[in-house]
Amino acid sequence: MKKKLAITGAVASTLTASTLTASIALANQFAKKMLYREHLSKEDQGDWYEQLHAKKVKIQNHKNLYLQAYLIEKPSAKRTVVCLHAMMASAQSLIETVRYLESIFENDNILMVDAHAHGLSDGYIRGFGYRDIFDLMYFNTYLLQKYGDDHRIVMYGQGMGANTILNASGMGKLKNVDCIISEGAYDDVYHYLTFKCQKEMKVPKYLAGRVIRKVIKDELKMDIKKMNTVELVKKNQIPTVYVHSKNDKDVPFQMVFPLYNHDASHKLLFPIKEEHLYELKDKQDSYSLSLIEFINENI
């Protein structure tokens, strides 16, 4: 018999029976939408990467699942910038960001990765930046095997992609990574998904969190309250830039502060009024250039 979600009297007293039932159903629907990829359509991806002069790369992880990536190679490059996308997106969403990064890392390779259960990578259950750590380690190893043990790496992540990198670094799983550029990371999965459900489905946050936590725990046997990047960055030793838009529509701006404040690394807090980091491309004001100065000082 399946366990039923326990609802406290305080919660139930604020909702009618019909509203409570509807809210639980909406939160359950949201949790499954976040957790599962319903289908994989290769036609949806197209040949977008060709405009960046990238080529397809595919590797296998420890579960023999294929992971898709796209590599821009530069002659005699001594460094590769690894780029990870946000949740429920794909490497294709990084086109404008890559153009910005190319303006900074002109002579370096760029590797754009489709996360597990995103884009053209295998899998149907998403990892929320935690189950993705091992996949990132495989791409890290792939680069060192391809270009040599002395090859250097910079990692850029957006949303869930940033959390994947920060989590992996906090666990000491990254090699030859000189700098992390985190854009729009969330503090922990529980808070992020609860906020997102409340915003999209209009479910009260005290109910949304309980339902989402149970659905994911039943499937993954993992507690999203323990998927806490704030705790992991306490052991981060890689210089890190925390970029976060004050107008971020997906991850609240306030979530950057506990990450930055607890991070043990040499770090830079870089709030922006623009919605995306790539909007700083070609800007020559002192504030925009301070980000590039920090990166150059640490690579």
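Residues numbered from 1 in each chain as written. Predicted model: local features only at pLDDT ≥ 70, side-chain atom pairs only at ≥ 80, totals over all residues. Heavy atoms only, no water.

Draft legend 1. Examining the overall build of the chain more closely. Regarding its fold elements, the chain presents 11 helices and 8 strands. The C-alpha radius of gyration computed for the chain amounts to 20 Å, which stays within 12% of the reference 19 Å derived for 299 residues, consistent with globular compactness. The C-alpha extent of the chain, read off along each of the three principal axes, is 65 × 40 × 35 Å. Sequence separation of 24 or more characterises 76% of the internal contacts of the chain that already satisfy a separation of 6 or more. Total accessible area on the chain stands at roughly 14,100 Å², and carbon and sulfur atoms take up 51% of it. The averaged location of the 35 negative side-chain charges in the chain is 9 Å from the averaged location of its 40 positive side-chain charges. (Helix = DSSP H or I, 4+ residues; strand = E, 2+ residues; numbered from the N terminus. Rg over C-alpha atoms; globule rule 2.2 N^0.38 Å. Contact = heavy atoms within 4.5 Å. Areas by Shrake-Rupley, 256 points an atom, 1.4 Å probe, with all protein chains shown as cover. Lys, Arg positive; Asp, Glu negative; His and termini not counted. Charge placed at Lys NZ, Arg CZ, Asp CG, Glu CD.)

Draft legend 2. Region of the structure containing the sheet that holds strand S3 (residues 79-84). Spatially, the 8 strands line up as an open sheet ordered S1-S2-S4-S3-S5-S6-S7-S8, and their pairing is mixed. Every interior strand has two partners, whereas the edge strands, strand S1 (55-60) and strand S8 (267-272), have only one. Strand-to-strand twist in this sheet, taken as the mean axis angle between neighbours without regard to direction, amounts to 20°. Here 6 bridges tie S1 to strand S2 (residues 66-72), and the two strands are oriented antiparallel to one another. Pairing of lysine 55 across the sheet is with leucine 71, part of S2. (Pairing = 2+ DSSP bridges. Axes fitted to C-alpha atoms, helices over the stretch in contact; angles between N-to-C directions.)

Draft legend 3. Examining the pattern of salt bridges more closely. Using the criterion set out here, one finds 15 salt bridges in the structure. Residues lysine 283 and glutamate 274 are paired through a salt bridge, measuring 2.8 Å at the closest nitrogen-oxygen approach. Owing to a relative accessible area of 34%, lysine 283 belongs among the partly exposed residues under this scheme. Notably, a salt bridge pairs lysine 281 with aspartate 282, separated by 3.5 Å at the nearest N-O pair. When its relative accessible area of 34% is taken as the criterion, lysine 281 is described as partly exposed. (Salt bridge = Lys/Arg side-chain N within 4 Å of Asp/Glu carboxyl O. Buried < 20%, exposed > 50% of the residue type's maximum accessible area, 1.4 Å probe, protein only.)

Draft legend 4. Examining the packing of aromatic side chains more closely. Scanning the model with the defined rule gives 8 aromatic pairs in all. Residues tryptophan 48 and tyrosine 49 carry aromatic rings whose centres are separated by 6.0 Å and whose planes lie at 90° to one another, so their mutual orientation is edge-to-face. With respect to class, tryptophan 48 is no different from tyrosine 49; both count as buried. The residue whose ring lies beneath lysine 225 is tyrosine 190, and the NZ or CZ to ring-centre distance is 4.7 Å. A cation sits over an aromatic face here: lysine 267 above tyrosine 260, 4.7 Å from the ring centre. (Phe/Tyr/Trp six-rings, centres within 6.5 Å; stacked < 30°, edge-to-face > 60°. Lys NZ or Arg CZ within 6 Å of the ring centre and 35° of its normal.)

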